[in-house]
Amino acid sequence: MKKYRVLLLLSIFLSACGPNVTPFPLAVSPELVVEPSATVEATQAELAPQATPLPAIVEAPLIDSPSILNIEMLNETDGWGVTEEEIVRTNDGGITWFNVTPANLADVGYLVFTDFFDETHAWVQFPDMNKYPNGGKLYRTSDGGLTWETFNTPFSGGAFKFIDEQNGWMMADLGVGAGS
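Bear in mind that the values here come from a model prediction, so they are computed numbers and not experimental data. (Residues numbered from 1 in each chain as written. Predicted model: local features only at pLDDT ≥ 70, side-chain atom pairs only at ≥ 80, totals over all residues. Heavy atoms only, no water.)

Trainee: Where do I start with the overall build of the protein chain in this structure?
Mentor: Secondary structure summary: the protein chain contains two helices and eleven strands in total. Beginning at the N terminus, the succession of helices and strands in the protein chain can be written as α-α-β-β-β-β-β-β-β-β-β-β-β. Counting the 180 residues in the protein chain, one finds 30% classified as buried. Surface summary for the protein chain: the accessible area is close to 13100 Å², and the carbon and sulfur share equals 60%. (Helix = DSSP H or I, 4+ residues; strand = E, 2+ residues; numbered from the N terminus. Buried < 20%, exposed > 50% of the residue type's maximum accessible area, 1.4 Å probe, protein only. Areas by Shrake-Rupley, 256 points an atom, 1.4 Å probe, with all protein chains shown as cover.)

Trainee: Can you help me understand the pattern of salt bridges in this one?
Mentor: Pairing between side chains of opposite charge can happen when their charged atoms approach one another. By the definition in use, this model includes two salt bridges. A salt bridge links D115 to K161, with the shortest nitrogen-to-oxygen separation between them at 3.6 Å. With D115 in strand 6 (residues 113-116) and K161 in strand 10 (residues 157-162), this pair connects stretches of sequence that are 46 residues apart. Among the ionic pairs, R140 bridges to E149, the shortest N-O distance being 2.8 Å. Look at E149 and you get partly exposed, because its relative accessible area is 39%. (Salt bridge = Lys/Arg side-chain N within 4 Å of Asp/Glu carboxyl O.)

Trainee: Before we go on, may I ask you to explain the side chain of S156 in this structure?
Mentor: Secondary-structure assignment places S156 in the loop between strand 9 (149-153) and strand 10. Judged by its relative accessible area of 1%, S156 falls in the buried class. What S156 contacts, discounting residues up to four positions off in sequence, is F113, Q125, F126, P127, D128, Y132, P133, N134, G135, G136 and D173. (Contact = heavy atoms within 4.5 Å.)

Trainee: Even after reading the chapter, I still don't get the sheet that holds strand 4 (residues 87-90), so can you show me in this structure?
Mentor: Across the sheet, which stays open at both edges, the five strands sit in the order 1-5-4-3-2 with antiparallel pairing between neighbours. Taken across any chain shown, the strands that pair with only one partner, and hence form the sheet edges, are strand 1 (62-63) and strand 2 (70-73). Sheet analysis places strand 2 next to strand 3 (residues 79-82), joined by four bridges and oriented antiparallel. Its bridge partner being in strand 3, I71 is matched across the sheet by G81. (Pairing = 2+ DSSP bridges.)

Trainee: Just checking my understanding: could you explain the packing of aromatic side chains for this structure?
Mentor: Both the distance between ring centres and the angle between the ring planes are used here to describe each pair of aromatic rings. Considering all chains together, one arrives at four aromatic pairs under this definition. Centroid distance W80 to F116: 5.1 Å. Interplanar angle 5°. Geometry classified as stacked. Taken as a pair, W80 in strand 3 and F116 in strand 6 lie far apart in primary sequence, 36 residues in all. With respect to class, W80 is no different from F116; both count as buried. Put simply, the rings of F117, W123, F160 and F162 touch in pairs and so form one group of aromatic residues. (Phe/Tyr/Trp six-rings, centres within 6.5 Å; stacked < 30°, edge-to-face > 60°.)

Written as structure tokens, this is what we have:
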């Protein structure tokens, strides 16, 4: 009997010295706690994709699939282009193009020099072939090509760049020949 007591005491002793496994509560992060006032519908509305705003309507004729010779995108939606016949503009990433050519300008093509400052300001220099290289017209718009002002210039073309709506530089092309 003594033998059994020793075994019983030894087993109690060993069980007391063994690993103590006690269940503990899971910690809950405060970020994961859902407020009682939140509803499933409100959470779904917050996670739903937001609608992309539509571009502004341009009061100019639409051009179907223009053959653009030169394009200048100002950002992912606004841009200007030059075709053989027109100055065109987009405000939806090139999906839609509008003809914003100055009224007296025809057969634009490869002869124009352009600077597109932003979605509303642009300049187009077109040579007067009867006065080449000493004459041309500069067209300027400040309303996205809906209206244009025209100025006579003492040169036919060249590279130009505007730094704001009023100031820019032009490196005029005065033709080729000895001394030019």
